[in-house]
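Architecture and fold: a report
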Amino acid sequence: MKLPCITMLATLLLTVPAAAQLQITPPATTPSAPAEKQKPKPPAPAKKKEAAPAPKPSSSPKPSASPKPATVIPAPPSDDPNVDLVFGAYQRGQYKTAFELATARAQGGDAKAMTMLGELYSNAMGIRRDYAKAAEWYKRAADSGDREAMFALAMLRISGRGGPVDKNEAVKLMASAAKLGEPKAAYNLALLYLDGQTLPQDIRRSAELLRQAADAGLPEAQYALATFYKEGTGVPKDPERAVRLLQAASLADNVDAEVEYAIAMFNGTGTPKNQPAAVALLRKASRQGSAIAQNRLAWVLINGVGTPVDKIEGFKWHLVAKTSGKGDPELDKQLSDLPADDRAKAEAAARKWLGSK
């Protein structure tokens, strides 16, 4: 069974390859993508000299073989009246004040304040970083039923911060948090079922958990579930639903979703074709640093598909994408054939963009 792979939040659990991006196939053979963000792709179709670029789905890689811990930054919600002042100070960056207020409230048994102390200790906010103390406060809050603390403690347990690695406890905590409606816990648990390393692989259960997190508005889960519907993995194949999920994640500024949603609009796959809107979204994702978007944008600008021809701008993005590993021999050849003045302008524009990052 072909499995999709998923982009991760910086705050989440596993480093798994992102779902393979759809391609806008250039009018020349495009080489397989390198290991950039673990998104391998098969070679694109060969060039048709007269053909305009046309997006095309690519196959999906398998999940990565092993989990990799990442920084935990769960933010306690502000809807609890007992933590409003604490959370308000936290939001304003007044971490020492948040620490003092949370300490007083935690001593009175306030679970949200305990979670806040775990957050502050874990991320060295207003206090020296101390994962052991963070774990202590998260555990006290988790024992009091706080779902954010359960998830945060699970992340520490699976990464071995603040104590030994304990994947079994991490899974139990994550499952409890997911049952209580914590979307990040549901998302990470879905990845564990997809990965098949810590838990037995269960694609349908993974899809159920992704749906739970997606319905709660987590962009990464929306993007991941879109790949399931696009490929019919664990759910019936449904391109229209996949596109709706990509759109939702895109509106939340998930860059990978922006790229795939742009290409779906460019192709008219699961949504009405709208090439100008697709190009606009490719521009946005390119400015956000997506090398895949930069490469696709280069092709549409150079060929004038859905947008006026702009070879200097197009080759600028080609050169920028190349620095991130998205080289393209055909575009290199076309760049070498460009008049010297235009080539110099494109190179200068690329240097300016890269220098301003």
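A short tour of the structure in this document, coming up. (Residues numbered from 1 in each chain as written. Predicted model: local features only at pLDDT ≥ 70, side-chain atom pairs only at ≥ 80, totals over all residues. Heavy atoms only, no water.)

**Re the packing of helix α4 (residues 131–143) against helix α5 (residues 147–159)**
Relative to each other, α4 and α5 sit at 140°, their axes nearing to 8 Å. With respect to each other, α4 and α5 are oriented oblique. Pair α4 / α5 crosses with left-handed handedness. Counted together, Tyr131, Ala134, Ala135, Tyr138, Lys139, Ala141 and Ala142 of α4 and Ala149, Met150, Ala152, Leu153, Leu156 and Arg157 of α5 form the full contact between these two elements. Each residue belonging to the contact of α4 with α5 can be placed in one class, and the counts come to 11 nonpolar, no polar and 2 charged. (Axes fitted to C-alpha atoms, helices over the stretch in contact; angles between N-to-C directions. Helix = DSSP H or I, 4+ residues; strand = E, 2+ residues; numbered from the N terminus. Parallel < 35°, antiparallel > 145°, perpendicular 65-115°, else oblique. Left-handed = near helix turned anticlockwise from the far one by under 90°. Contact = heavy atoms within 4.5 Å. Nonpolar A, V, L, I, M, F, W, Y, C, P; charged D, E, K, R; others polar.)

**A short note on unusual backbone geometry**
With a phi close to 55°, Ala124 is a non-glycine residue in the positive phi region. For Ala124, the location among the structural elements is in the loop between α3 (111–123) and α4. Positive phi, close to 70°, is recorded for Asp253, a residue that is not glycine. Counting through the fold element by element, Asp253 comes out in the loop between α10 (239–251) and α11 (255–267). Owing to a relative accessible area of 42%, Asp253 belongs among the partly exposed residues under this scheme. (Buried < 20%, exposed > 50% of the residue type's maximum accessible area, 1.4 Å probe, protein only.)

**Examining the pattern of salt bridges**
Within the structure shown, the criterion is met by 14 salt bridges. For the salt bridge of Arg147 with Glu182, the shortest nitrogen-to-oxygen distance reads 4.0 Å. Taken as a pair, Arg147 in helix α5 and Glu182 in the loop between α6 (167–179) and α7 (183–195) lie far apart in primary sequence, 35 residues in all. In this structure, Lys284 and Glu258 form a salt bridge, with 3.2 Å as the shortest nitrogen-oxygen distance. You can see Lys284 sitting in helix α12 (residues 275–287) and its partner Glu258 sitting in helix α11, a full 26 residues away along the chain. The exposure class assigned to Lys284 is partly exposed, which follows from its relative accessible area of 29%. The buried category is assigned to Glu258, whose relative accessible area is 0%. When salt bridges with common partners are traced through the structure, they connect Lys112, Asp146, Arg147, Glu148, Glu182 and Lys184 into a single cluster. (Salt bridge = Lys/Arg side-chain N within 4 Å of Asp/Glu carboxyl O.)

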